[in-house]
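One-letter residues, chain by chain:
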Amino acid sequence: MSTSSTQGAAKSQCEQTRIERPPAHVAPPPITDAEFARFQRFIFDAAGITLGNAKKPLVIGRLGKRLGVHQLSSFGDYLKLLQSGGHPEEHQLAVDLLTTNETYFFRESKHFDSLREHALATRTPGRSYRVWSAASSTGEEAYGVAMVLAETLGEAPWEVLGTDISLRVLQDAVRGVYTMERARHLPPELMRRYCLKGTDEHAGRLMISRQLRDRVSFGQVNLNQALPELGRFDFVFLRNVMIYFNDDTKRQVVARVVSTIQPGGCLCVGHSESLHGLTDALQSLAPALYRRPS
Ligand SMILES: C[S@@+](CC[C@H](N)C(=O)[O-])C[C@H]1O[C@@H](n2cnc3c(N)ncnc32)[C@H](O)[C@@H]1O
């Protein structure tokens, strides 16, 4: 996957996935244990996500409206539609709806300090410093990385790739418009330099500057499958996604991601996550921060 074409690909894929309006206020039917078990299988096969038994209300809440859109009377019928092979857009939409996309600017901000230090210590004239935000959600992480690199490396070559399984969040990422609420941890000087504040009907929102957006690419990558050709990265953010995977899936995902890291490059995971027992290809540098030996 080339980074220059990725943004366009995300845009067009996203544009194809339109959410129709469901009929107003039709309560979804209950979901049987057997139907719920099939949804657990569905999202596990599609994304590697393990949905615990307590997540029945989540499935009803997030997918219930889709039954109305397709005028179906049971979750079993909706599953049949998803698995018929005839509705790839609905399949993608169901995956989008079953993922959890919570994120915000400079979440777990220590990793951005580590990125700054690593970029400064390892920059090589003429070589692009490459960062991958591997479950980027709506893009705040990738743009935060880009702000740090713009500050640290300036006009020297650097690239940021943000990827996610959900086309819905990638569409938002490409747009680069956020509520101020998402930016509560964004340092004011970075806000001034890299964001445009909305006025009038756009008040309460910010837009990432065109200059920064042009240096960040987004595309769809499913970490639960063999990776497309992405090249090697100096720093990978793989944060707050492995919490949704079981140990086997974590091991497979980490092996795939590690293969993309340059010798001497770093990987960070969420602060509630750990690679303990999942790989011996990385050295632990600090909590939730690892390095591939040179
Ligand atoms: C909670 S968000 C994390 C966002 C960001 N990394 C952070 O730490 O703030 C988790 C993201 O992982 C994505 N995701 C879940 N399963 C995935 C998979 N198999 N491949 C790629 N992305 C996946 C979801 O769509 C969601 O946007």
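The shown structure was predicted, so the numbers you read here are calculated from the model rather than taken from an experiment.

Engineer: Would you explain the site of the ligand in this entry?
Structural biologist: For the ligand, the set of nearby residues contains 23 residues, the closest of which are Ala47, Thr103, Arg107, Asp164 and Asn240. Within the backbone of Ala47, one N or O atom sits 2.8 Å away from a nitrogen atom of the ligand. Take Asn101: an N or O atom from its side chain is 3.0 Å from an oxygen atom of the ligand. According to the grid-proximity analysis, the pocket containing the ligand is the largest pocket. In terms of residue class, the shell around the ligand is built from 9 nonpolar, 9 polar and 5 charged.

Engineer: How should I be thinking about the nonpolar core in this particular structure?
Structural biologist: Burial of nonpolar side chains together is a common tendency in soluble globular proteins. Phe39, Val59, Leu63, Trp132, Leu238 and Leu275 are the most contacted members of the largest nonpolar core, which has 49 residues in total. Going through the elements one at a time, α2 (33-47), α3 (56-69), α4 (75-83), α5 (88-98), β7 (233-238), α11 (247-258) and β8 (261-269) are the ones with two or more residues in this core. Ranked by residues supplied to this core, first place goes to α2 with 6 residues. Core analysis: the second largest hydrophobic core is formed by 39 residues, Ala119, Tyr143, Met147 and Phe235 among them.

Engineer: Is there a simple way to explain the pairing of strand β9 (residues 283-286) in this structure?
Structural biologist: Successive residues of a regular strand alternate their side chains across the two faces of the sheet. As paired elements, β9 and strand β10 (residues 289-291) share 3 bridges and run antiparallel to each other. By the bridge assignment, Gln283 is partnered in β10 with Arg291.

Engineer: Sorry if this is basic, but what is going on with the sheet that holds strand β4 (residues 195-197) here?
Structural biologist: Hydrogen bonds along the backbone pair up the strands of a sheet, which may run parallel or antiparallel. If you walk across this open sheet you meet the 3 strands as β3-β5-β4, and the pairing is antiparallel. In this open sheet, the two strands that pair with only one neighbour each are β3 (177-179) and β4. Sheet twist, expressed as the average angle between the axes of neighbouring strands with direction ignored, equals 30 degrees. With 3 bridges connecting them, β3 and strand β5 (residues 205-208) associate as antiparallel partners. Looking across to β5, one finds that Val177 is bridged to Met207.

Engineer: Just to check I follow, could you spell out α4 for this structure?
Structural biologist: Given 3.6 residues per helical turn, the α-helix brings residues three or four places apart onto the same face. Taken as a whole, α4 has its buried residues at Phe75, Gly76, Tyr78, Leu79, Leu81 and Leu82. In this structure, the buried residues of α4 make contact with α2, α3 and α5. Just past α4, the residue Gly85 takes up positive phi, approximately 85 degrees.

Engineer: I would appreciate a short explanation of the confidence of the model for the chain in the present structure.
Structural biologist: Note that predicted coordinates carrying low pLDDT should not be read in detail. The predicted model of the chain has a mean per-residue pLDDT of 92, with 91% of residues at 70 or higher. Low pLDDT (under 50) marks residues 1-19, which in the prediction has 38 contacts with non-local residues, meaning those over four places away or in another chain.

Engineer: Would you mind going over the sheet that holds β8 with me for this structure?
Structural biologist: Spatially, the 7 strands line up as an open sheet ordered β6-β2-β1-β7-β8-β10-β9, and their pairing is mixed. Every interior strand has two partners, whereas the edge strands, β6 (216-220) and β9, have only one. Each adjacent strand pair in this sheet contributes to an overall mean axis angle of 20 degrees, direction not counted. Both strand β1 (residues 129-133) and strand β2 (residues 158-164) contribute to a ladder of 5 bridges, which runs parallel. Within the sheet, the bridge partner assigned to Trp132 lies in β2 and is Leu161.

Rules and cut-offs
Residues numbered from 1 in each chain as written. Predicted model: local features only at pLDDT ≥ 70, side-chain atom pairs only at ≥ 80, totals over all residues. Heavy atoms only, no water. Near = heavy atom within 4 Å. Polar contact = N/O pair within 3.5 Å; in protein donor to acceptor, adjacent residues only side chain to side chain. 1 Å grid on protein atoms, 1.4 Å probe; cavity = no way out; pocket = protein on both sides within 12 Å on 5 of 7 lines; lining within 4 Å. Sits in = over half its atoms within 2 Å of the grid points. Nonpolar A, V, L, I, M, F, W, Y, C, P; charged D, E, K, R; others polar. Core = buried A, V, L, I, M, F, W, Y, C linked by side-chain atoms within 4.5 Å. Buried < 20%, exposed > 50% of the residue type's maximum accessible area, 1.4 Å probe, protein only. Helix = DSSP H or I, 4+ residues; strand = E, 2+ residues; numbered from the N terminus. Pairing = 2+ DSSP bridges. Axes fitted to C-alpha atoms, helices over the stretch in contact; angles between N-to-C directions. Contact = heavy atoms within 4.5 Å. pLDDT = per-residue confidence, 0-100.

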